[in-house]
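Single-letter residue listing:
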Amino acid sequence: MTRILVIGGGIGGLVAALSLQAAGFAPEVFEGVPEIRPLGVGINLQPHAVRELTELGLAEELAATGVATRELRYVSAHGQLIWAEDRGLAAGYKWPQYSIHRGRLQMLLWEACVKRGIPVAAGRRCTGFAQSASAVTARFADGTEATGEALIGADGIHSAIRAHFAPGEGPPCWQGAILWRATTVAPAFLTGATMVQAGHHDQKFVVYPIERRADGTALINWIAEMKVDASQGFAREDWNREVDRGRFLPAYESWNWGWLDVPGLIRGAERVLEYPMVDRDPLPAWTDGRVTLLGDAAHPMYPIGSNGASQAVLDARWLARSLALAGDVARGLRDYEAARRPATAKLTLANRDLGPDIILEEVHRRAPDGFADLHSVISREELEETAANYKRLAGFDPRLLNERESWSVPPGGRAGRPAA
Ligand SMILES: Cc1cc2nc3c(=O)[nH]c(=O)nc-3n(C[C@H](O)[C@H](O)[C@H](O)COP(=O)(O)OP(=O)(O)OC[C@H]3O[C@@H](n4cnc5c(N)ncnc54)[C@H](O)[C@@H]3O)c2cc1C
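Calculation rules
Residues numbered from 1 in each chain as written. Predicted model: local features only at pLDDT ≥ 70, side-chain atom pairs only at ≥ 80, totals over all residues. Helix = DSSP H or I, 4+ residues; strand = E, 2+ residues; numbered from the N terminus. Contact = placed C-beta atoms within 7 Å. Axes fitted to C-alpha atoms, helices over the stretch in contact; angles between N-to-C directions. Parallel < 35°, antiparallel > 145°, perpendicular 65-115°, else oblique. Left-handed = near helix turned anticlockwise from the far one by under 90°. Nonpolar A, V, L, I, M, F, W, Y, C, P; charged D, E, K, R; others polar. Core = buried A, V, L, I, M, F, W, Y, C linked by C-beta atoms within 7 Å. Buried ≥ 20, exposed ≤ 12 C-beta atoms within 10 Å, placed from the backbone. Pairing = 2+ DSSP bridges. pLDDT = per-residue confidence, 0-100.

As for the environment of Gly308
Along the polypeptide, Gly308 turns up in helix H8 (residues 308-326). In this structure the C-alpha to C-alpha distance between Gly308 and Gln46, which are 262 residues apart in sequence, comes to 9.9 Å. Excluding residues within four positions of it along the chain, Gly308 makes contact with Asp296, Met301 and Pro303.

Structural data, given as structure tokens:
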């Protein structure tokens, strides 16, 4: 069986391993940290990613771990409603959207790999690779090596494998926005499964529940985002840097709108993590022979439109399908890149231009002190178009997603070529 080395046991690498196994390959995961722990806070899995995980047999585990998101609302910095839309099943998708704890999702995927007999090893930090016409060998910091027929670099934003494709690339791009991230146990708000995006480009607050509790409270994930002076620079990105909330709380003191108490949420958090909002420029190529990139290693993007993890899941499934249908490793990896690199490059650039959040910025620019009549500031058509365009770009237009064929590899594998 074709042995495939997957470097990185994050969401992208683990879903790649599960997808490759389902497509008839023998993946092995090498994770750099010595011990897997449920790190991070909330992320969202959009219905296109949930479809892929459902087809991998993980629907029940997801439903037991995440909150099925019911609604998305955009509100101004004054708490005024700009846009509300149904999400997930309520929006007519055949699959839910989940707001979920990133670390718990990673553990769930890790355990699924273990249960399915996929070798997953922690403490194996990859430092580089060498390939020949017939094989690729990964080198690890502990002095060991592993050889397979393909190598997938799913090792995140500081990818050692990406360095091969972008030597001297340097640190990720930072334009001065900082994300402060935390969870707070507080009373559920609105539908109990609503995501709210509030504010504007220079000061935003994103909030959604990731766990509902029987007593009417919820574990609420929130992200406060503000622009600071980018000329000061930023130390290496670390998802787990803990900071004092006094750095940003004063700017949110007036954001208590009754139905949502932003300063209360900030005060109620046990600990606050800080992360610079960074991405990298799209690469001109991410495949070389038997080696390719996936997820954040391939296309780290701003966490706008709640799509980073979902795109890694799509990469993983498309990779497995392309490899199986091509019947040849190098051709399969090229087919994978041909579909996924342009799609994710467009999304990375769209997110730099604020993605669907552009409506917050437009309303703020046109009516910084609030509005009496929303549609004298922004038309319904503009709001509808912005939301629909982004869904199409990111691959979760409801009709297209519901109607498209499955990406599971059909029995007999190579019978057909994948349709994009
Ligand atoms: C600790 C952590 C916390 C995060 N928290 C959040 C969050 O709260 N909200 C959010 O939106 N996104 C968060 N992210 C990012 C989010 O998980 C990704 O954007 C998305 O899921 C895509 O996943 P990925 O698997 O491509 O990359 P990642 O999730 O970054 O996973 C990459 C994996 O590769 C491992 N790795 C790195 N270098 C090597 C190496 N040389 N050899 C072997 N393994 C290596 C890393 O330890 C990691 O497990 C977090 C990422 C990490 C690593």
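What follows continues from the structure just given.
A look at the packing of helix H2 (residues 47-55) against H8
For the pair H2 and H8, the least separation of the axes is 9 Å and the interaxial angle reads 45 degrees. Classed by the angle they form, the pair H2 and H8 counts as oblique. For the pair H2 and H8, the crossing hand works out as left-handed. Residues His48, Ala49, Glu52 and Leu53 of H2 form the contact with H8, whose participating residues are Ala309, Ser310, Val313, Leu314 and Arg317. Here the contact of H2 with H8 is composed, by residue class, of five nonpolar, two polar and two charged.

Overview of the nonpolar core
Core analysis: the largest hydrophobic core is formed by 105 residues, its most contacted members being Val6, Ile7, Ala16, Leu109, Ile152 and Leu294. No other element matches H8, which puts ten residues into this core. The contacts of Val6, once residues within four sequence positions are left out, are Gly13, Ala16, Ala17, Pro27, Glu28, Val29, Phe30, Ile152 and Ala154. In this structure, Met277, Tyr302, Leu347 and Phe396 belong to the second largest nonpolar core, which totals nine residues.

Side note on the sheet that holds strand E17 (residues 241-243)
Pairing in this open sheet of eight strands is mixed, and the strands run E6-E5-E14-E15-E16-E13-E18-E17 from one edge to the other. Of all the strands in the sheet, just strand E6 (81-86) and E17 have a single pairing partner and so form its edges. Sheet twist, expressed as the mean angle between neighbouring strand axes with direction ignored, is 25 degrees. Sheet topology note: the strand E5 (residues 71-75)/strand E14 (residues 194-200) ladder contains five bridges and is parallel. Along E14, the bridge assignment pairs Leu72 with Met195.

Observations concerning the sheet that holds strand E4 (residues 67-68)
Taken together, three strands build an open sheet; the order of strands is E3-E7-E4 and the sheet is antiparallel. If you trace the sheet from one side to the other, it starts and ends with strand E3 (42-45) and E4, each paired once. Relative to strand E7 (residues 98-101), E3 is paired through four bridges, and the arrangement is antiparallel. Considered in E7, the bridge of Gly42 is made with His101. Helix-sheet contacts for helix H4 (residues 102-115) involve E3 and E7, and the interaxial angle to E7 is about 85 degrees.

Considering the confidence of the model for the chain
Reading predicted coordinates in detail is not appropriate for stretches of low pLDDT. For the chain, per-residue confidence averages 93 on the pLDDT scale, and 97% of positions sit at 70 or higher. When the criterion is pLDDT under 50, residues 415-420 qualifies, and its contacts beyond four places in sequence or with other chains add up to nine contacts.

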